[in-house]
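In case you want the letters, here they are:
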Amino acid sequence: MTSRPTRARSVLYLPASNARAVEKARSLACDVAVLDLEDAVAPEMKLEARAAATAAAREGGFGPRLGVRINALDTPWGADDLAALRDAPVDLIVAPKVESAAMVRALSRDLRPGVDLWAMIETPRALVDLDEIAEADGALSGLMLGVNDLAKDLKTGASADREPLKPWLAAVVAHARANGLTVIDGVFNRIKDEAGFAAECAQGRLYGFDGKSLIHPSQIEGANAAFGASVEEIEWARKVVAAFAAPEAEGLGVIRIEGEMVERLHLHAAEVLLAGL
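Here's a quick rundown of the structure. All values derive from a computational prediction rather than experimental measurement.

For the rest of this paragraph, the subject is helix 4 (residues 101-109). All buried positions along helix 4 are accounted for by Ala101, Val104, Leu107 and Ser108. Taken end-on, helix 4 shows its buried residues confined to a sector of 125°, consistent with a single buried face.

What follows is the structure, given as structure tokens:
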């Protein structure tokens, strides 16, 4: 599969039924704003939220890429969510509780061409069938880890460093990378715990995630910093590109830069980093 890179350091969920939050999202510095029709919306507000999300998308004016998280297809609202959004100018659809390749294909058939699908991995069944989900193709361009539902269904204990989930953090990243998909870490619930949020962002970056799901605008700056390239990384990437462009590096697979052996795979990584700035 051809990789479809997407800058998604910060993916902010907003209740589609909250008009003030939706309006504010138009000017926020998050990379992706996701209008939520699922967890953030009470059952009696589902229809109103759907209408609000569709209207907001058509009104436009969003600085971030715009997504909508629909309700699951096995709920009374999921299919109608997809139908209502079929012609709405959104960039992506986030689908909760995706558990099979068949589900990915069913969702893809109902999307307008050019709209991406991000599948939420948040059940034990999804983990068991992660390979077929990630390989389903169609409109699938990203995997999102749903840590709250996953921890609940796995019946894991509480752990500040997400110890019980570490195998699944790595597995979701590996399957995403193998299939050229964007991969987004789960939410951090303690909004006022800045140190905890920073630590979890650093952990997500260490494991290879492209960005983090957010539940409050106050988390945007930290996520952008954690998952963006540092000044030092940018400077090094430029050195690598310049060194391989030098006449003496022509035809060489490995060169020495400041005492470090650097291969052409590092050149490719440097080029990708700089292209995303």
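In this section: the side chain of Arg69. Relative to the elements of secondary structure, Arg69 occurs in strand 3 (residues 65-69). Separated by 3.4 Å, the side chains of Arg69 and Glu38 make a polar contact. Setting aside anything within four residues of it in sequence, one finds Arg69 in contact with Tyr13, Val34, Leu35, Asp36, Leu37, Glu38, Asp39, Val94, Pro96 and Met120.

What follows concerns the nonpolar core. Among the nonpolar cores identified, the biggest contains 75 residues, and Leu35, Ile93, Leu117, Trp118 and Leu143 are the most heavily contacted of them. With residues near it in sequence (within four places) discarded, Leu35 still touches Leu14, Ala16, Val22, Ala53, Ala56, Leu66, Gly67, Val68 and Arg69.

With respect to topology, 8 strands assemble into a closed barrel ordered 1-2-3-4-5-6-7-8, the strand pairing being parallel. Ignoring strand direction, the axes of neighbouring strands in this sheet form an average angle of 25°. Where strand 2 (residues 32-36) and strand 3 come together, 5 bridges link them in parallel fashion. When the bridges of strand 3 are listed, Val34 appears paired with Gly67. Packed on one face of the sheet, helix 8 (residues 166-178) meets strand 5 (116-121), strand 6 (140-145) and strand 7 (182-185) and runs near 160° to strand 7.

For the rest of this paragraph, the subject is the packing of helix 2 (residues 46-59) against helix 3 (residues 78-85). Between helix 2 and helix 3, the least distance of the axes is 10 Å, while the angle of their chain directions is 20°. The angle between helix 2 and helix 3 falls in the class roughly parallel. Helix 2 and helix 3 meet at a crossing whose hand is right-handed. Contacts between helix 2 and helix 3 involve Arg50, Thr54 and Arg58 from the former and Asp80, Asp81, Ala84 and Leu85 from the latter. Residues of the contact of helix 2 with helix 3, tallied by class, amount to 2 nonpolar, 1 polar and 4 charged.

If you walk through the whole model with that rule in mind, you get 1 aromatic pair. Sitting over the face of the ring of Tyr13, Arg69 holds its NZ or CZ atom 4.4 Å from the ring centroid.

Here is what the cut-offs are and how they apply
Residues numbered from 1 in each chain as written. Predicted model: local features only at pLDDT ≥ 70, side-chain atom pairs only at ≥ 80, totals over all residues. Heavy atoms only, no water. Buried < 20%, exposed > 50% of the residue type's maximum accessible area, 1.4 Å probe, protein only. Helix = DSSP H or I, 4+ residues; strand = E, 2+ residues; numbered from the N terminus. Arc of directions from axis to C-beta. Polar contact = N/O pair within 3.5 Å; in protein donor to acceptor, adjacent residues only side chain to side chain. Contact = heavy atoms within 4.5 Å. Core = buried A, V, L, I, M, F, W, Y, C linked by side-chain atoms within 4.5 Å. Pairing = 2+ DSSP bridges. Axes fitted to C-alpha atoms, helices over the stretch in contact; angles between N-to-C directions. Parallel < 35°, antiparallel > 145°, perpendicular 65-115°, else oblique. Left-handed = near helix turned anticlockwise from the far one by under 90°. Nonpolar A, V, L, I, M, F, W, Y, C, P; charged D, E, K, R; others polar. Phe/Tyr/Trp six-rings, centres within 6.5 Å; stacked < 30°, edge-to-face > 60°. Lys NZ or Arg CZ within 6 Å of the ring centre and 35° of its normal.

Geometric descriptors of this kind do not, in isolation, establish any biological role.
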